[in-house]
Amino acid sequence: MSITLVIQSPRLDSRELQELATLAGASGIQQPSPDVARLADADPASRDAISACCQTLGYDFAFVDSSLKLADFGLLVSDMDSTLITIECIDEIADMQGIKPQVAAITERSMRGELDFSASLRERVALLAGLSESALEKVYQERLQLSPGAEKLLARCKENGIRFMLVSGGFTFFTERLKQQLGLDYAYANQLEVVDGKLTGRVVGDIVDAAAKQRLLIEKRTELGLRPEQVIAMGDGANDLLMLGEAGVGVAYRAKPVVQAKADVAINVVGLDGVAKLLA
């Protein structure tokens, strides 16, 4: 199997690319666009040296099967908070309650894998009891932003017939609106309980945790008649690791260290469209 080393950055320097090609034992360099270079016949054994060099240069890198094309995939599964969008919705909702620092600290520990996700979610949601449901709309309208390159990635998926599934440990209030706004194929998340226009501090039904994300990916993959290697999954937190492990390509997007260490690919410099640019 021939391996291509894909290098991405908003700025690529030809001398630095040649240095990387030498390190990787690559046979040649192609640069289809100013922000992407493909180094042919790279040696995966050079990963540690390439990683250290790219970290110094501010480049993203990935070793990929040279024969893979984006059109070979049929499903892309994405986390929402801090992946498809730039914010953690629960932290911004908490800001409306004046308790963002307390909630954000729990969120950070949970995403690093230091806390049980389901227990930490219930703890954070309980702190929101009594907040008006209108605060959620305010977060959606005023604070929610798509991650850089998200719309370009979605467009490439649609061009290549790839279904897009949003699977979030966040809330249906946001996933359903994003599904409609962006034309996503599927969306799954937790439902906040609302009574008389106010949050009760509880979640309705089972929590979408790491195991649920994994199960939903497998179910959709099976339903679509796809093999594991025809699925891309991307996320940033520890609760994404199981679903990343079920995908042919697991992408850590601006992720916590535990996720970057275990994912197939880590993207820290370029935007989400970098996922599509990995593949010819």
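These figures come from a predicted structure and were not determined experimentally. (Residues numbered from 1 in each chain as written. Predicted model: local features only at pLDDT ≥ 70, side-chain atom pairs only at ≥ 80, totals over all residues. Heavy atoms only, no water.)

(A) Looking closely at the packing of helix H5 (residues 100-111) against helix H6 (residues 117-126). Orientation of H5 relative to H6, taken along the N-to-C sense of each, is 170°, at an axis distance of 10 Å. By the criterion of interaxial angle, the relationship of H5 to H6 is roughly antiparallel. Each of Val103, Ile106, Thr107, Ser110 and Met111 in H5 lies in contact with H6, whose residues at this interface are Phe117, Ser120, Glu123 and Arg124. Per-class residue counts for the contact of H5 with H6 are four nonpolar, three polar and two charged. (Axes fitted to C-alpha atoms, helices over the stretch in contact; angles between N-to-C directions. Helix = DSSP H or I, 4+ residues; strand = E, 2+ residues; numbered from the N terminus. Parallel < 35°, antiparallel > 145°, perpendicular 65-115°, else oblique. Contact = heavy atoms within 4.5 Å. Nonpolar A, V, L, I, M, F, W, Y, C, P; charged D, E, K, R; others polar.)

(B) Region of interest: the sheet that holds strand E2 (residues 28-33). Spatially, four strands are ordered E2-E3-E1-E4 in an open sheet, and the strand pairing comes out antiparallel. Each edge of the open sheet carries a strand with a single partner, namely E2 and strand E4 (60-65). Within this sheet the neighbouring strands show an average axis-to-axis angle of 25°, counted without direction. In terms of strand pairing, E2 meets strand E3 (residues 36-40) through four bridges, oriented antiparallel. Looking across to E3, one finds that Ser33 is bridged to Val36. (Pairing = 2+ DSSP bridges.)

(C) Highlighting the packing of aromatic side chains. This model, assessed by the stated rule, comprises three aromatic pairs. Measuring from centroid to centroid gives 5.2 Å for Phe173 and Phe174, while their planes differ by 70°, and the two rings are edge-to-face. In this arrangement the basic side chain of Arg177 is found over the ring face of Phe173, its NZ or CZ atom lying 3.6 Å from the centre. (Phe/Tyr/Trp six-rings, centres within 6.5 Å; stacked < 30°, edge-to-face > 60°. Lys NZ or Arg CZ within 6 Å of the ring centre and 35° of its normal.)

(D) Looking closely at unusual backbone geometry. The backbone phi angle of Ser82 is positive, close to 65°, even though this residue is not glycine. Within the fold, Ser82 resides in helix H3 (residues 80-84).

(E) Expanded view of the pattern of salt bridges. Taken as a whole and assessed by the stated rule, the structure comprises 19 salt bridges. The residue Glu114 makes a salt bridge to Arg109 at a minimum N-O spacing of 3.4 Å. Assessed through its relative accessible area of 47%, Glu114 is described here as partly exposed. Its salt-bridge partner being Asp240, residue Lys213 comes within 2.6 Å of it at the nearest N-O pair. (Salt bridge = Lys/Arg side-chain N within 4 Å of Asp/Glu carboxyl O. Buried < 20%, exposed > 50% of the residue type's maximum accessible area, 1.4 Å probe, protein only.)

(F) Representation of the sheet that holds strand E8 (residues 198-204) in the model. Across the sheet, seven strands lie side by side as E8-E7-E6-E5-E9-E10-E11; this open sheet has mixed pairing. Strands with a single pairing partner mark the edges of an open sheet, and in this sheet they are E8 and strand E11 (265-267). Neighbour-to-neighbour, the strand axes of the sheet open up by a mean angle of 25°, direction not taken into account. Of the strand pairs in this sheet, strand E5 (residues 75-78) and strand E9 (residues 231-235) are connected by four bridges, and their pairing is parallel. Each bridged residue has a counterpart across the sheet, and for Leu76 the counterpart in E9 is Ile232. On top of the sheet, helix H10 (residues 210-223) reaches E5, strand E6 (163-171), strand E7 (186-195) and E9; it is set at about 160° to E6, its chief contact.

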